[in-house]
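Topology and contacts: notes
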Amino acid sequence: MLKNLLIDEYPLLVPPTLASQIGLNEAVALQQLHFWISKSKNFKDGKYWVYNTYEDWQKQFPFWSVSTIRRIFKNLEKKELIETANYNEMKYDQTKWYTINYDKLNKIVSDCSK
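So, a few notes on the structure that sits alongside this text. The residue numbers shown here count from 1 along each chain, following its written sequence. Only residues with pLDDT of at least 70 are given local features in this predicted model, and only at 80 or more are side-chain atom pairs given and counted; all residues enter the totals for whole chains, interfaces and linings. The side-chain quantities take in all heavy atoms of the structure and omit both hydrogens and water.

A few words on the sheet that holds strand S4 (residues 96–100). Spatially, 4 strands are ordered S1-S2-S4-S3 in an open sheet, and the strand pairing comes out antiparallel. The open sheet terminates on both sides in strands that have one partner only, identified here as strand S1 (42–44) and strand S3 (82–85). With direction set aside, neighbouring strand axes in the sheet form an average angle of 45°. We call two strands paired when DSSP finds no fewer than two bridges between them. Secondary structure elements are defined from DSSP: runs of H or I of at least 4 residues count as helices, runs of E of at least 2 residues count as strands, and each element is numbered from the N terminus. Where strand S2 (residues 47–52) meets S4, 3 bridges bridge the pair, whose relative direction is antiparallel. For Val-50, the partnering residue across the bridge sits in S4 and is Tyr-98. Sheet contacts for helix H2 (residues 24–39): S2, S3 and S4; angle to S4, the most-contacted strand, approximately 95°. Any two residues whose heavy atoms approach within 4.5 Å are treated as being in contact. Note on definitions: angles span 0 to 180 degrees between N-to-C directions of axes, and those axes are lines fitted to C-alpha atoms, for helices only across the stretch in contact. Relative to S3, helix H4 (residues 66–78) is tilted by about 110°, and along the sheet it contacts S3 and S4.

Okay, structure coming up:
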């Protein structure tokens, strides 16, 4: 049992400084992506990656619609905070793979602390 929580459920984390810079939804999604990258064994092109469909992401973010999740990830791509690729063995499988552009993220964080 998780004693410090309101209910017995693992929380999503929200880094306040990052949320103020890139948006609340984007900060929540980026933090969750970082969590899964830190556990990933999928090492391609010098980076760790995770893959999910938008429907799979919705299982982690049940309070967002699939269209909202799609918009959040597109915003993160536009801001160059995430990179996407397709390393699927089957060419018809269009499931996106995601990694974080930590250099860009570190620049945003360091600019905040100035």
